[in-house]
Amino acid sequence: MSYVLYYSPGAASMAVHWMLIEAGIPFEARLIDIDTGAQHDPEYRRLNPAGRVPTLIVDGVPRHESAALLMLLAERHPTAGLAPAPGSPDRAEWFEWMVFFANTLLPAMRDWFYADSDGDPAGAQAVRALAERRIEEAWERLGATLADGRAFLVGGRLSTADFLALMLMRWTRNMPRKATSRENLMPYIIRVRALPSFIELNAREGLSDWSNPVGQA
Ligand SMILES: N[C@@H](CCC(=O)N[C@@H](CS)C(=O)NCC(=O)O)C(=O)O
């Protein structure tokens, strides 16, 4: 099995990059810096016609969509234990979170960040206002789920749902209302950010602006 990940630091590729590191799956990482417009490069557009990251080349075939890539990797590498096994009691909840992130929270985040360029700039403020509401609702839902004291989102152990959750929470760091401003999310955020694979991911992507303070477990 061979993998090449096209990523941009902190972008939607981050969850996939994290999974590859956490699971110890061999892969090659290639930088597509979206801040410099590298996603519009014709050579990259041949791999990803939408001009977005991530792209994961799986055994020579370009594949897209962060949540789908996480589920695909979970299926191809079951011994990594990053998704409840098919038929197991926690499988349904894992599907729910993966699909909720992919079809509710990710699009709301896209709308918030890209309201001006994806749509009509004249209506961007209204788009962002609705997106913000959806994002707030998502943190409410997450907070209510974590209120039972669970360590991770699904089945008491780390899964692909946590990779997406943390990536999306990180994106709020420069928004008016940050995920870290919600006290009920902080124990979870601190716990997952303390994972060696998250620290390694940040080092590899050159990120240092959303880590646990030194000394915080
Ligand atoms: N639904 C896609 C979203 C991908 C996406 O929007 N990626 C952003 C970065 S977070 C991107 O490539 N932006 C560059 C652009 O749109 O020009 C996924 O989850 O993979």
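Here the residue numbers are simple positions, counted from 1 along each chain's written sequence. Reporting of local features is limited, given that this is a predicted model, to residues whose pLDDT is at least 70; pairs of side-chain atoms are given and counted only at 80 or more, and all residues count toward the totals for whole chains, interfaces and linings. Side-chain measures were taken over the full set of non-hydrogen atoms in the model, leaving aside hydrogen atoms and water.

Next up on the list: the overall build of the chain. Numbering of helices and strands runs from the N terminus; a helix is a DSSP stretch of H or I covering at least four residues, while a strand is a stretch of E covering at least two. Across its full length, the chain holds eight helices and four strands. For the chain, the α and β elements follow one another from N to C terminus as β-α-β-α-β-β-α-α-α-α-α-α. With C-alpha atoms as the basis for the radius of gyration, the globule rule is written as 2.2 Å multiplied by the number of residues raised to the power 0.38. The C-alpha radius of gyration of the chain comes to 17 Å, within 12% of the 17 Å expected for a compact globule of 217 residues. Taking the principal axes of its C-alpha atoms as reference, the chain extends roughly 50 × 45 × 40 Å. Looking at the chain as a whole, 46% of its 217 residues are labelled buried. A sequence separation of at least 24 residues applies to 64% of the contacts in the chain between residues at least 6 apart. Surface exposure here means Shrake-Rupley accessible area, sampled with a 1.4 Å probe, where a residue is shielded only by the protein chains that are shown. Here the chain has roughly 10600 Å² of accessible surface; of this, 53% comes from carbon and sulfur atoms. When a residue's accessible area, from a 1.4 Å probe over protein chains only, is under 20% of the maximum for its type it is buried; when over 50% it is exposed; and in between it is partly exposed. Every residue pair with non-hydrogen atoms within 4.5 Å of one another is taken to be in contact.

If you walk across this open sheet you meet the four strands as E2-E1-E3-E4, and the pairing is mixed. If you trace the sheet from one side to the other, it starts and ends with strand E2 (28-31) and strand E4 (61-64), each paired once. Along the sheet, successive strands turn relative to each other by an average axial angle of 25 degrees, direction set aside. Strand pairing follows a simple DSSP-based rule, namely that at least 2 bridges must link the two strands. Both strand E3 (residues 55-58) and E4 contribute to a ladder of four bridges, which runs antiparallel. Paired with Leu 56 across the strands is Arg 63, a residue of E4. Working convention: axes come from line fits to C-alpha atoms, limited for helices to the stretch in contact. Angles between N-to-C directions cover 0 to 180 degrees. Against the sheet, helix H1 (residues 14-23) engages strand E1 (3-7), E2 and E3, with an angle of about 145 degrees to E1.

The subject of this paragraph is the nonpolar core. Judged by nonpolar contacts, the single largest core of 62 residues is most densely connected at Phe 101, Leu 153 and Met 169. The element contributing the most residues to this core is helix H4 (residues 91-118), with ten residues. Ignoring sequence-local partners within four residues, the contact set of Phe 101 consists of Leu 106, Pro 107, Leu 142, Leu 153, Ala 161, Leu 164, Ala 165 and Leu 168. The criterion is simple. A nonpolar core is a set of buried Ala, Val, Leu, Ile, Met, Phe, Trp, Tyr and Cys residues joined through side-chain atoms within 4.5 Å. Counting residues in hydrophobic clusters, the runner-up holds seven residues, among them Tyr 6, Ile 32, Tyr 44 and Val 53.

Moving on, we come to the site of the ligand. Here a residue is considered near a molecule or strand provided that any single heavy atom belonging to it is located within 4 Å of it. Lining the immediate surroundings of the ligand are 15 residues, of which Val 53, Glu 65, Ser 66, Arg 110 and Tyr 114 lie closest. When the free accessible area of the ligand is taken as 510 Å², the share hidden by the protein chains comes to 85%. The pocket and cavity definitions rest on a 1 Å grid over protein atoms only: a 1.4 Å probe that fits but cannot leave marks a cavity, an open set with protein on both sides within 12 Å along at least five of seven lines marks a pocket, and residues lining either have an atom within 4 Å of a point. In this scheme, a molecule is assigned to a cavity or pocket if more than half of its atoms are within 2 Å of the grid points. Taking a 2 Å distance to the grid points as the criterion, the majority of the atoms of the ligand fall inside the largest pocket. Here the shell around the ligand takes three residues from H4, the largest share from any one element. Throughout, the ten residues Ala, Val, Leu, Ile, Met, Phe, Trp, Tyr, Cys and Pro are labelled nonpolar, Asp, Glu, Lys and Arg are labelled charged, and all others, Gly among them, are labelled polar. Partitioned by chemical class, the residues of the shell around the ligand number eight nonpolar, four polar and three charged. Domain assignment of the residues forming the shell around the ligand places at least three in each of domain 1 (3-80) and domain 2 (91-205). Domain ranges listed in this record stem from an automatic or a database domain assignment.

In terms of backbone geometry, most residues other than glycine have negative phi values and most peptide bonds are trans. Residue Pro 54 is bonded to the preceding Val 53 through a cis peptide linkage, with omega at 10 degrees. Here Pro 54 shows up in the loop between helix H2 (42-47) and E3. The phi dihedral of Glu 65 falls on the positive side, at around 75 degrees, and the residue is not glycine. The residue Glu 65 is located in the loop between E4 and helix H3 (66-76) in this model.

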